[in-house]
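Observations on chain architecture
Chain by chain, the residues:
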There are 2 protein chains.
Amino acid sequence: MLWALWLEYDGAGFHGWQRQGGQLTVQAVLEAALSRLHAGRPVAVTVAGRTDAGVHAAGQVALAPLPEGLDARRVRDALNFHMKPHAVAVVAAVPAPAGWNPRFSARQRFYLYRILNRRARPALDLGRVWHVPVPLDVAAMQEGAALLLGRHDFTSFRASACQAKSPMKTLDRLDVVRAGEEIHVYAEARSFLHHQVRNMVGTLRLVGDGSWPPSRVAAALSARDRAAAGPTAPAEGLCLRHVAYDPPLFPSAAGL
Amino acid sequence: MLWALWLEYDGAGFHGWQRQGGQLTVQAVLEAALSRLHAGRPVAVTVAGRTDAGVHAAGQVALAPLPEGLDARRVRDALNFHMKPHAVAVVAAVPAPAGWNPRFSARQRFYLYRILNRRARPALDLGRVWHVPVPLDVAAMQEGAALLLGRHDFTSFRASACQAKSPMKTLDRLDVVRAGEEIHVYAEARSFLHHQVRNMVGTLRLVGDGSWPPSRVAAALSARDRAAAGPTAPAEGLCLRHVAYDPPLFPSAAGL
């Protein structure tokens, strides 16, 4: 019996999503909990997006086998019990539709990148935001962001370790919004290259502090060269907010 | 030279505000940093509100002596440097007006209490929210909250350790708002009794889960007996958001 799981986690305590050796990863914690429900047998899960170390998720989605005879509440509560005390929770569980795959069936992925834009270092949101102590020009960043929208070869914003076959991606939203002392960057696409969001944010930061005119973002994109774009923004500001499927998988009040 | 400091801290790592023995408290960390700037001499600060262990602050305000010849940026940056790596930061500093006192000059205090109202335990906001896994009726909670507004004897919502001379307080706002999977309780008054916000929230939770009709909140208030009200909500959901003074102390963009 295959289930779709809506997962939330604080990336700070994990070496990313993917199981690797004896490291504490989200996948390792989830699979260990699943194994407990399968009489100790090893269990493998697949996931919508393999987040890097330090990246958070409010809406990660995974596919996992569970024993017969459990209802949605039992699946959720049993996994949450066995994943204690790690900072990962199953918010909701639904039976997986036939042929559904969390990665390949995804219609859209929604990321939020949070920048704390003030002199004082973060105290309340340490590990959740990228601290940029110099003033950033949000309007200029938004102007640069708009130049990345649409279907492009995103080689300039792609990690060298990226395993995607093609660097062509369609970016549907990249908005830069001031929220008090924070700047929020909203990124939406069907899929992203490895580090694409963090590389776009690291580049927009150069626009924000005046090092680059906004137009240079277009030049960086058309160069198709990683060295032409800005540095990779730190993992801690990034959160996978939501993965959308058609039809929607989880009812919005699924948590209750 | 006396300065007003706007402080932010994550209460999880501290045994509250107040200095006590060798415990890690916010006051102890701040006073140790101030002492470094006073050639190691002991320094004492006063504060707007002595928060309990686990309670967070985004807008705490303190009064502290600093050596002559520093400007606002130097005060903020030097204190933040010396308070590393503790989860407390000076967001801004301004010279204290003559005769000003962070506690007695306060015109209004603003608290936010966050409840995570879903079955799954918190992962991303662990230590920041009170996890209530049973569904709560926000409209009933709001109806109960409205019965506490105005000037009353709040003995029923007062900690036994409370040192206030009078139990009379004027509650100006107590709003219960759903925010996705969370319920936010906004509380505003010139001042509060010890544990007053947490005791009001613990009582409203009984209304929310149907244990109490909203009208029983009024009965609890008029009983003037701590045993007549509900239990104390946990510290971790509470945050001191802001303390207001006339005229306002800190410019809103003070952080930059």
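Criteria and cut-off values
- Residues numbered from 1 in each chain as written.
- Chains lettered and ligands numbered in written order.
- Predicted model: local features only at pLDDT ≥ 70, side-chain atom pairs only at ≥ 80, totals over all residues.
- Heavy atoms only, no water.
- Contact = heavy atoms within 4.5 Å.
- Buried area = accessible area lost by both parts, 1.4 Å probe.
- Salt bridge = Lys/Arg side-chain N within 4 Å of Asp/Glu carboxyl O.
- Polar contact = N/O pair within 3.5 Å; in protein donor to acceptor, adjacent residues only side chain to side chain.
- Helix = DSSP H or I, 4+ residues; strand = E, 2+ residues; numbered from the N terminus.
- Nonpolar A, V, L, I, M, F, W, Y, C, P; charged D, E, K, R; others polar.
- Least-squares fit on C-alpha atoms with pLDDT ≥ 70 in both.
- Disulfide = S-S within 2.5 Å.
- Buried < 20%, exposed > 50% of the residue type's maximum accessible area, 1.4 Å probe, protein only.
- Domains from an automatic or database assignment.
- 1 Å grid on protein atoms, 1.4 Å probe; cavity = no way out; pocket = protein on both sides within 12 Å on 5 of 7 lines; lining within 4 Å.
- Points joined across faces, edges and corners; volume = space filled by probe spheres on them.

Listed by partner, the interface residues are 35 residues for chain B and 35 residues for chain A. Of the roughly 2,700 Å² buried at the junction of chain B and chain A (both faces included), carbon and sulfur atoms supply 55%. Here chain B is connected to chain A by six salt bridges. Aspartate 125 of chain B is the partner of arginine 128 of chain A in a salt bridge, and the nearest nitrogen-oxygen pair spans 3.8 Å. At the boundary of chain B with chain A, the tally comes to 18 residue pairs in polar contact (both at pLDDT 80 or more). Going through the elements one at a time, β1 (2–9), β3 (56–65), α2 (72–83) and β4 (88–95) of chain B are the ones with two or more residues in the side of chain B that touches chain A. Broken down by class, the residue content of the side of chain B that touches chain A amounts to 18 nonpolar, five polar and 12 charged.

A word on the relation of the copies chain B and chain A. Superposing chain B onto chain A takes a rotation of 180 degrees combined with a translation of 0.0 Å along the rotation axis, leaving an RMSD of 0.0 Å. Both chain copies can therefore be described as sitting about a two-fold axis. Taking the C-alpha atom as reference, chain B places aspartate 125 of chain B closest to the rotation axis, 5.2 Å from it. Comparing contact sets, 100% of the residues at the interface of chain B also lie at the interface in chain A, consistent with an isologous, same-surface contact.

Here we come to the state of the cysteines. This structure, assessed with the given rule, holds zero disulfides over all chains. This cysteine, cysteine 239 of chain A, is not joined by any disulfide, and cysteine 239 of chain B carries the nearest cysteine sulfur, 20 Å off. The class for cysteine 239 of chain A is buried, based on a relative accessible area of 10%.

Interface extent is often summarised as the accessible area lost during association of the parts. All names here are of chain A. For chain A, the assigned domains read domain 1 (2–104) and domain 2 (108–242). Its C-alpha centre places domain 1 at a distance of 28 Å from the equivalent point of domain 2. Counting across the interface, domain 1 meets domain 2 through two salt bridges. A salt bridge links aspartate 52 to arginine 198, with the shortest nitrogen-to-oxygen separation between them at 3.5 Å. For the interface between domain 1 and domain 2, the tally reads 13 residue pairs in polar contact (both at pLDDT 80 or more). For the side of domain 1 that touches domain 2, the per-class residue count stands at seven nonpolar, four polar and three charged.

All names here are of chain A. Each pocket or cavity is described by its volume, and for the second largest pocket that value is around 1,200 Å³. Elements with a minimum of two residues in the lining of the second largest pocket: β2 (46–47), β5 (108–116), β8 (168–179) and α4 (196–208). Per element, the largest residue contribution to the lining of the second largest pocket is three residues, and it comes from α4. Across the lining of the second largest pocket, the residue classes break down as 17 nonpolar, 15 polar and eight charged. Structurally, the lining of the second largest pocket is a two-domain feature, drawing no fewer than three residues from each of domain 1 (2–104) and domain 2 (108–242).

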